[in-house]
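What follows is each chain in one-letter form.
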Amino acid sequence: MTAIGWLQIGILFALVLVCVKPLGGYMARVFQGERTPLTIVLGPIERGFYRLAGVDPAKEQGWFAYTVAMIVFNAAGFLLLYLILRLQGFFPLNPQGFSAVAPDLAFNTAISFVTNTNWQAYGGETTMSHFAQMTGLTVQNFLSAATGIALAIAFVRAFARSGAAYVGNFWVDMTRATLYVLLPFSVIVALAFVASGLPQTLLASVDVKTLEGAAQTIAIGPVASQEAIKQLGTNGGGFFNVNSAHPFENPNAISNLISIWAMLAISASLPYTFGKMAGDTRQGWALLLAMLVILVAGVGIAYWAEAGGNPAFAAFGIDPSSGNLEGKEVRFGVVMSALYAAVTTGLSCGAVNAMHDSFTPLAGMIPLIMIKLGEVLPGGVGSGLYGMLIFAILAVFIAGLMVGRTPEYLGKKIEAREMKLAMFAVLILPLCILGFSAAAANLPFALESLANNGPHGLSEILYAYSSATGNNGSAFAGLSANTKWYNTTLGISMLLGRFAYIVPMMAIAGSLAAKKRSPASAGTFPTHTPLFVGLLIGVILIVGGLQFFPALALGPIVEHLLMLAGKTF
Amino acid sequence: MASKLQAASLFDPAIFWRASIDALIKLDPRKLVRNPVIFVTEIVAAVVTAIFVREFVTGSGDPAFSGQIAAWLWFTVLFANFAEAVAEGRGKAQAATLRGMRSNVMAKRLAVPGIVDEAVEHIAADELRIGDIVLVEAGDLIPADGEIVEGVATVNEAAITGESAPVIREAGGDRSAVTGGTTVVSDWVKVKVTAEAGSTFLDRMIALVEGAERQKTPNELALSILLSGMTLIFLIAVATLWGLAGYSGTELSLTVLIALLVTLIPTTIGGLLSAIGIAGMDRLIRFNVIATSGRAVEAAGDVDTLLLDKTGTITFGNRQATEIIPVAGVQEKEAVEAAWLASLADETAEGRSIVSLAQEKYNLSATAKSNDMKLIVFSASTRLSGVDVGGHKLRKGAVDAVLKFCANEGNKTEPANFRGAVDRIAQSGGTPLALADGARLLGVIHLKDVVKGEIKERFGELRRMGIRTVMVTGDNPVTAAAIASEAGVDDFIAEATPEDKLRYIREQQANGRLIAMCGDGTNDAPALAQADVGVAMQTGTQAAREAGNMVDLDSNPTKLIEVVEIGKQLLMTRGSLTTFSIANDVAKYFAIIPALFVVTYPELQALNVMHLATPKSAILSAVIFNALIIIALIPLALRGVQYRSAGAASLLRRNLLIYGLGGILLPFAGIKLVDLTVAVLGLA
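Source: prediction; values computed, not measured.

The next subject is the overall build of chain B. Per the secondary structure count, chain B includes 24 helices and 20 strands. For chain B, the exposed area adds up to about 27,100 Å²; of that, 59% sits on carbon and sulfur atoms.

Here it is as structure tokens:
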């Protein structure tokens with residue numbers, strides 16, 4: 001580890017923190033229907049859409065109607081995307097002449113993009129037409145991200161309101177999230193990407209003669225525009241197979257910095273939006289601090305493990321001071337790869353600029369843990385905030401009694417109904433991750449997909465199901481996931497990881513919104529102090545993480561210990 | 001408080017043996033299913049027992065190991081049952097005392113109600129029906145709860161309250177309720193029965209003390225859900241571990257998987273949860289307060305506003321003289337002497353306070369009453385009292401009444417500082433009494449509602465805990481404001497009517513506050529019912545006692561503060577042990593995981609940070625620790641965690657340090673200690 005390395009990490013987090021207040025405050029204004037600088041331009045467009053769709057923006061919905069609207073909308077999005085993928089051969093903008101995507105892959109991909117997972121069991125440049133990328137995948141990049149933001153805002157309203165029957169209007173929140181937040185920032189980020197060298201064209205490829213005189217076809221396309229929303233919306237589905245390790249998705253240090261910043265910007269700002277809307281910004285900062293403490297710890301461990309490298313290499317006479325460079329782009333090096341890996345998994349983004357499979361075991365364990373902790377560090381756009389709020393509710397419930405009052409968070413009593421729903425939600429993670437992993441680890445046809453055996457092979461399986469259930473979408477690689485078993489079970493994991501979590505979460509929102517908000521006093525459990533931040537971190541690690549300890553012990557931990565003993569897989 | 005329901009000591013031998021037997025009876029799965037965590041433990045204990053029997057019979061496997069694991073799993077269940085049984089046992093002992101009072105008395109029922117000299121028929125008390133009218137005479141036990149419809153009697157209520165001084169009960173008004181099981185000491189009353197046998201106050205009290213009607217409180221229910229959810233999560237983690245281990249080439253036996261499961265699921269809090277709840281009720285009973293439900297005790301912890309009656313709670317209830325101010329031109333000695341003489345015959349509390357003030361503060365030596373004194377008794381028309389002695393007409397009374405008296409005597413002028421003194425006293429919330437000798441005004445006596453000494457600090461403590469105090473009084477706003485600021489309450493309701501109280505409670509509740517109040521009169525009933533915690537006085541009316549969710553047997557309104565503290569302590573104990581229980585898991589993983597896989601991956605020995613002797617002793621030690629910690633924590637669960645009145649932030653800091661951090665660290669030492677013992681004894 002070097003001072004320069006830490007300086008780079010420091011600069012990135014400084015850039016993110018600087019925008020938390022303006023961006024978070026801006027989003028609070030947007031979703032409370034207040035005027036913003038963009039209203040003058042976007043206001044008429046927004047109202048036009050409502051007229052077109054016959055939506056009365058003043059009419060709000062209860063949690064159930066809101067959730068039904070969200071599910072219907074996403075189901076329609078899934079169907080549309082599935083059809084586009086299956087029928088891409090009949091549509092224009094298909095310069096490479098790709099034919100239909102196979103049914104199980106189309107199912108998996110459609111779910112993957114609708115759930116904001118962007119798990120890709122395919123290689124983009126060899127499977128998807130421009131039409132499918134632009135009208136199918138990119139559109140879902142926007143809509144799945146907007147869905148996440150809308151749901152988070154509905155959940156925030158449950159805390160901000162007192163004795164309320166309604167949590168907002170899904171159509172309005174969707175429209176505003178897309179129009180006021182995702183679109184304008186995508187345009188800015190896309191332009192920044194173009195400036196830093198990403199291609200933005202409708203051409204399929206360029207043919208070049210290499211220095212050796214051989215002919216080479218280099219795939220290009222509308223990369224910058226998709227890349228912008230891929231990062232901003234914590235989608236992570238790359239234009240190219242190798243994602244942000246590809247020189248056209250992420251050509252240099254500047255584009256890399258923009259990439260990481262864009263992933264973090266909205267998710268890190270939403271806690272502030274929460275604090276603003278709930279009337280106490282300290283509450284938002286506390287959540288953000290808890291998120292960042294674990295994230296930075298993860299970055300540190302990954303960086304440390306990667307900088308240390310594999311002792312086995314030293315035995316071959318390789319200079320250990322450069323760290324573990326296997327599977328990395330030299331233009332990013334150890335520090336930017338470790339940072340990217342921890343952030344992309346803390347975020348449920350899933351974009352990668354290095355192969356996590358090639359990390360040293362402990363560094364590879366960091367992304368795995370980040371995902372298993374529930375994608376709340378700071379998590380996907382919207383989903384990270386509502387996931388974190390569920391953890392906050394759990395933390396308050398477990399420890400809140402210690403101040404001699406029944407638990408409450410922001411003046412809302414946490415009672416049996418909320419607890420039941422929260423337990424439903426947190427059960428999804430172990431059920432899908434451990435359940436499917438244990439099955440896959442014992443099914444011969446599932447084991448055929450593994451590139452490695454031993455603990456590393458187990459890590460590959462665990463990673464795949466964690467990534468799918470956590471709606472992350474990054475791959476450990478090494479696992480050939482484009483099989484019927486994996487396409488189907490990973491598809492189910494993504495579906496449950498998203499919607500089976502959302503439904504109880506929204507039910508909690510409905511029940512909290514209806515409760516009266518009791519005023520804070522000296523006897524109220526304080527949820528804005530460093531002590532609470534520590535407690536929250538403890539609950540995330542113990543309640544959210546400890547259940548995975550046995551699995552991790554058999555995967556990366558033992559692999560690390562074996563590596564120290566000179567054994568690799 | 002001599003004959004109060006005494007608390008049995010923690011491990012009273014009688015309770016200990018009774019609880020040990022009850023712990024076995026509670027193994028009945030149909031009962032245990034109410035406690036999911038311990039129920040799961042019982043099921044897996046049965047499974048390991050079956051494994052042990054099979055191994056023992058066939059000679060396969062390691063019966064010595066599975067036998068020990070099975071035994072400790074049963075102990076885990078038994079210890080949890082024992083905790084609950086001990087908590088219940090203390091209640092049962094108290095209930096037995098109460099039941100002794102409910103001897104089978106005969107009642108004298110009036111055949112034709114309403115006629116004075118009708119015949120009575122003698123029937124057993126438990127045959128009485130609601131609406132029957134019974135005659136109770138001196139020496140009789142009152143056969144059932146009821147309202148006095150006729151007569152006045154002194155009643156000894158020691159059976160219920162422990163207070164041996166008899167109280168007066170009479171028809172009409174707020175003192176008409178009588179309780180079955182109490183004794184009429186003098187005179188007679190006719191009582192209309194309001195509760196049948198089985199549902200009388202005494203019956204309800206017995207049932208509550210025994211915990212027969214115990215239902216999970218809302219927070220207990222929510223906590224059970226969390227514990228069940230965590231049990232389910234660890235069930236998934238352990239079940240899938242079998243599959244993951246299979247991939248890694250390790251065949252895990254069911255016995256060790258079960259050992260892992262039981263150590264991970266929250267057995268500590270699961271086993272102690274109901275004991276904590278029962279002990280909370282029990283603490284309240286020892287304060288002579290009976291809660292009609294555990295819900296009320298929980299609500300008491302949540303209360304953030306206390307409605308306190310001024311009289312008796314904040315002030316001593318009687319106005320007392322604190323100062324005698326002579327007017328210009330009158331010696332202090334003369335004024336004091338006049339006040340003293342004028343009050344000697346005054347037997348009211350106010351009068352006596354003037355006498356004692358004169359004697360103590362002004363060092364007036366008591367001289368015998370002279371014979372030529374003519375006492376003037378207070379009357380509503382003159383509003384004066386005093387004495388005629390040696391040609392002096394000494395009078396004291398309300399200011400305007402005394403001025404009128406002076407005017408009649410021929411003096412219409414007020415001395416210079418008279419009005420000033422009167423106004424100053426009125427503004428400070430006191431009552432001014434004027435003092436005159438014939439036509440001559442002598443001075444002003446300052447009567448004051450004296451605020452109890454320690455009450456201001458008490459309110460300060462409550463404020464630090466985030467609890468607002470609101471004083472309710474019939475005084476005018478000026479007086480109320482003065483007393484409120486002296487007592488340090490946060491708010492007051494002056495000239496309060498029962499409707500005002502109800503309205504105030506509703507307003508506060510609409511703002512999300514939880515209110516506690518106490519009351520005794522029938523017109524308090526709506527407010528008592530509306531409040532989140534309503535403590536009715538035992539001396540109060542039947543309507544009030546039914547409207548509240550607690551009854552204070554001592555009828556001491558100050559106790560509202562203790563009730564809140566007991567509620568808080570109950571919740572704190574529950575939260576601390578939950579946190580402790582969950583934090584324990586960290587160490588248990590470090591004990592068991594390396595032990596499970598050390599054969600396949602010897603490198604995992606690095607995780608054996610406690611350096612436990614062998615894999616088997618590691619697993620056994622974790623299971624033993626997990627069982628013993630329940631026993632170790634029973635005293636804490638019953639006694640409650642140490643309570644301090646402090647703000648939430650400092651309570652959290654302290655408890656999180658002790659039970660959170662302690663919960664993570666302690667098991668490392670504990671398991672190591674058990675492991676050393678296991679190794680020395682050669683158990684594994």
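And the narrative resumes.
All right, on to the overall build of chain A then. Tallying secondary structure elements over chain A gives 20 helices and four strands in all. For a compact globule of 569 residues, the expected C-alpha radius of gyration is about 25 Å, and chain A comes in at 23 Å, within 12% of that figure. Dimensions along the principal axes, computed over C-alpha positions, put chain A at roughly 70 × 55 × 45 Å. Across the 569 residues in chain A, those meeting the buried criterion constitute 65%. Of the contacts made within chain A by residues no fewer than 6 positions apart, 79% connect residues no fewer than 24 positions apart.

Residue and element names in this part refer to chain A. As assigned here, chain A comprises domain 1 (19-266) and domain 2 (282-564). The straight-line distance from the C-alpha centre of domain 1 to that of domain 2 is 23 Å. Contacts between domain 1 and domain 2 engage 61 residues on the former and 70 residues on the latter. Summing both sides of the interface, domain 1 and domain 2 together bury roughly 4,900 Å²; the carbon and sulfur share of this comes to 72%. Considering only the side of domain 1, the residues that lose the most area to domain 2 are W119, F155 and F159, jointly responsible for 18% of the buried surface there.

All names here are of chain B. Relative to the assigned elements, A144 resides in the loop between β3 (133-137) and β4 (146-156). Between the C-alpha atom of A144 and that of A195, which follows or precedes it by 51 residues, the distance is 6.7 Å. Ignoring any residue separated from it by four or fewer positions in sequence, one finds A144 in contact with L128, V178, T179, G180, V193 and A195.

The interface is formed by 65 residues belonging to chain B together with 61 residues belonging to chain A. Interface of chain B and chain A: buried area, both sides summed, is about 5,100 Å²; carbon and sulfur atoms make up 79% of it. On the chain B side of the interface with chain A, the three residues burying the most area are L244, Y247 and L652 of chain B, jointly 15% of the side's total. Scanning the region where chain B abuts chain A turns up one salt bridge.

Here the focus is the packing of helix α8 (residues 254-264) of chain B against helix α23 (residues 615-639) of chain B. What describes two packed helices is the angle between their axes and the distance between those same axes. All names here are of chain B. Running from amino to carboxyl end, α8 crosses α23 at an angle of 35°, the nearest separation of the two axes being 9 Å. When the axes of α8 and α23 are compared, the crossing they make is left-handed. Contact with α8, carried on its side by V256, A259, V262 and T263, involves I619, A622, V623 and N626 of α23 and no other residues of that element. Looking at side-chain class alone, the contact of α8 with α23 contains six nonpolar, two polar and no charged residues.

Residues and elements named next belong to chain A. At a minimum axis distance of 9 Å, the contact between helix α6 (residues 130-160) and helix α9 (residues 253-278) shows a crossing angle of 25°. One way to sum up the angle between α6 and α9 is to call them roughly parallel. You can see that α6 and α9 cross each other, and the crossing is right-handed. In this structure, α6 uses I149, I153, V156, R157, F159 and A160 to contact α9, whose residues at the interface are I266, L270, T273, F274, M277 and A278. Residues belonging to the contact of α6 with α9 are distributed by class as follows: ten nonpolar, one polar and one charged.

Moving on, we come to the packing of aromatic side chains. Applying the stated criterion across every chain yields a total of 32 aromatic pairs over all chains. Residues W63 of chain A and F64 of chain A carry aromatic rings whose centres are separated by 5.5 Å and whose planes lie at 85° to one another, so their mutual orientation is edge-to-face. Owing to a relative accessible area of 23%, W63 of chain A belongs among the partly exposed residues under this scheme. What makes F64 of chain A exposed here is its relative accessible area of 56%. Arranged with centres 5.5 Å apart and planes meeting at 70°, the rings of F16 of chain B and F82 of chain B form a pair that is edge-to-face.

Moving on, we get to the pairing of strand β18 (residues 515-519) of chain B. All names here are of chain B. The element β18 is largely enclosed, with a buried count of five among its five residues. Pairing of strand β9 (residues 305-309) with β18, which is carried by three bridges, proceeds in the parallel orientation. Within the sheet, the bridge partner assigned to L307 lies in β18 and is M517.

Moving on, we get to the environment of Q508 of chain B. Residues and elements named next belong to chain B. Tracing the backbone shows Q508 in helix α18 (residues 498-510). For Q508 and T413, which are 95 residues apart along the polypeptide, the C-alpha to C-alpha distance reads 50 Å. Ignoring anything within four residues of it in the chain, the contact list for Q508 reads T305, R468, R513 and I515.

Moving on, we get to the sheet that holds strand β19 (residues 533-537) of chain B. All names here are of chain B. Taken in spatial order, the seven strands of this open sheet run β8-β20-β19-β18-β9-β16-β17, and their pairing is mixed. Unpaired on one side and paired on the other, β8 (289-291) and β17 (491-493) mark the two borders of the sheet. The mean inter-strand angle of the sheet, taken between neighbouring strand axes irrespective of direction, is 20°. Here β9 runs beside strand β16 (residues 468-472); their pairing, made up of five bridges, is parallel. In the strand pairing of β16, L308 is matched with M471. Strands in contact with α18 are β9, β16, β17 and β18; relative to β18, the strand with the most contacts, it is inclined by about 165°.

All names here are of chain A. Note: strand β1 (residues 205-209) against strand β2 (residues 215-219), five bridges, orientation antiparallel. Across the sheet, residue V206 finds its bridge partner in β2, namely I218. In this antiparallel pair of consecutive strands, β1 and β2, the connection spans five residues, and G213 shows a positive phi of 95°.

A few words now on the pattern of salt bridges. For the structure shown, the criterion picks out 44 salt bridges over all chains. Linking D132 of chain B and R109 of chain B is a salt bridge whose minimum nitrogen-to-oxygen distance equals 3.1 Å. Linking D132 of chain B in the loop between β2 (120-124) and β3 with R109 of chain B in strand β1 (residues 106-110), this pair joins segments that are 23 residues apart in sequence. Three or more residues are tied together by salt bridges with common partners; here these are R405, E408 and K413 of chain A together with D302 of chain B.

With that out of the way, let us pick up a nonpolar patch on the surface. All names here are of chain A. Together, M1, W6, V296, I301 and W304 make up a nonpolar patch on the protein surface, roughly 480 Å² of accessible area in all. Looking at the nonpolar patch element by element, the count peaks at three residues for helix α10 (residues 281-308). As for its position among the elements, V296 is in helix α10.

In this section: the nonpolar core. Ranked by internal contacts, the top residues of the largest apolar core, which has 333 residues, are F155 and Y409 of chain A. Lining this core are residues from two domains, each supplying at least three of them: domain 1 (19-266) and domain 2 (282-564) of chain A. The contact partners of F155 of chain A, leaving out residues within four places of it in the chain, are Y386, L389, I390, I393, M505, I508, A509 and L512 of chain A. Membership of the second largest hydrophobic core comes to 42 residues, among which are L357, F405, L433 and A436 of chain B.

Right, let's get into the side chain of Q133 of chain A. Residues and elements named next belong to chain A. Looking at the element boundaries, Q133 is found in helix α6. Given the relative accessible area of 1%, Q133 is considered buried. Looking at Q133, its side chain comes within polar contact range of the side chain of Q226, at 3.5 Å. Apart from the residues within four sequence positions on either side, Q133 is in contact with G124, M128, T138, Q226 and F239.

With that settled, consider unusual backbone geometry. Residues and elements named next belong to chain A. Cis geometry marks the peptide bond from L377 to P378, where omega comes out at -5°. Inspection of the secondary structure puts P378 in the loop between α13 (361-372) and α14 (383-400). Not every positive phi belongs to a glycine, and L93 is a case in point at roughly 55°. With respect to the helices, strands and loops of the structure, L93 is situated in the loop between α3 (63-86) and α4 (103-114). Its identity is not glycine, yet S348 carries a phi of approximately 60°, on the positive side. Assignment of secondary structure puts S348 in the loop between α12 (333-346) and α13. Owing to a relative accessible area of 2%, S348 belongs among the buried residues under this scheme.

Residues and elements named next belong to chain A. Helix length check: α13 (twelve residues) gives 16 Å between terminal C-alpha atoms against 16 Å at 1.5 Å per residue, within 8%. In terms of burial, α13 is largely enclosed, as eleven of its twelve residues are buried. Those residues of α13 not exposed but buried are P361, L362, A363, G364, M365, I366, P367, L368, M370, I371 and K372. Buried residues belonging to α13 abut α10, α12, α15 (416-440), α17 (454-469), α19 (530-545) and α20 (549-564).

Conventions we followed
- Residues numbered from 1 in each chain as written.
- Chains lettered and ligands numbered in written order.
- Predicted model: local features only at pLDDT ≥ 70, side-chain atom pairs only at ≥ 80, totals over all residues.
- Heavy atoms only, no water.
- Helix = DSSP H or I, 4+ residues; strand = E, 2+ residues; numbered from the N terminus.
- Areas by Shrake-Rupley, 256 points an atom, 1.4 Å probe, with all protein chains shown as cover.
- Rg over C-alpha atoms; globule rule 2.2 N^0.38 Å.
- Buried < 20%, exposed > 50% of the residue type's maximum accessible area, 1.4 Å probe, protein only.
- Contact = heavy atoms within 4.5 Å.
- Domains from an automatic or database assignment.
- Buried area = accessible area lost by both parts, 1.4 Å probe.
- Salt bridge = Lys/Arg side-chain N within 4 Å of Asp/Glu carboxyl O.
- Axes fitted to C-alpha atoms, helices over the stretch in contact; angles between N-to-C directions.
- Left-handed = near helix turned anticlockwise from the far one by under 90°.
- Nonpolar A, V, L, I, M, F, W, Y, C, P; charged D, E, K, R; others polar.
- Parallel < 35°, antiparallel > 145°, perpendicular 65-115°, else oblique.
- Phe/Tyr/Trp six-rings, centres within 6.5 Å; stacked < 30°, edge-to-face > 60°.
- Pairing = 2+ DSSP bridges.
- Patch = residues over 30% accessible without salt bridge, like charges linked within 9 Å, V, L, I, M, F, W, Y side chains within 5 Å.
- Core = buried A, V, L, I, M, F, W, Y, C linked by side-chain atoms within 4.5 Å.
- Polar contact = N/O pair within 3.5 Å; in protein donor to acceptor, adjacent residues only side chain to side chain.
- Expected span 1.5 Å × (residues − 1).

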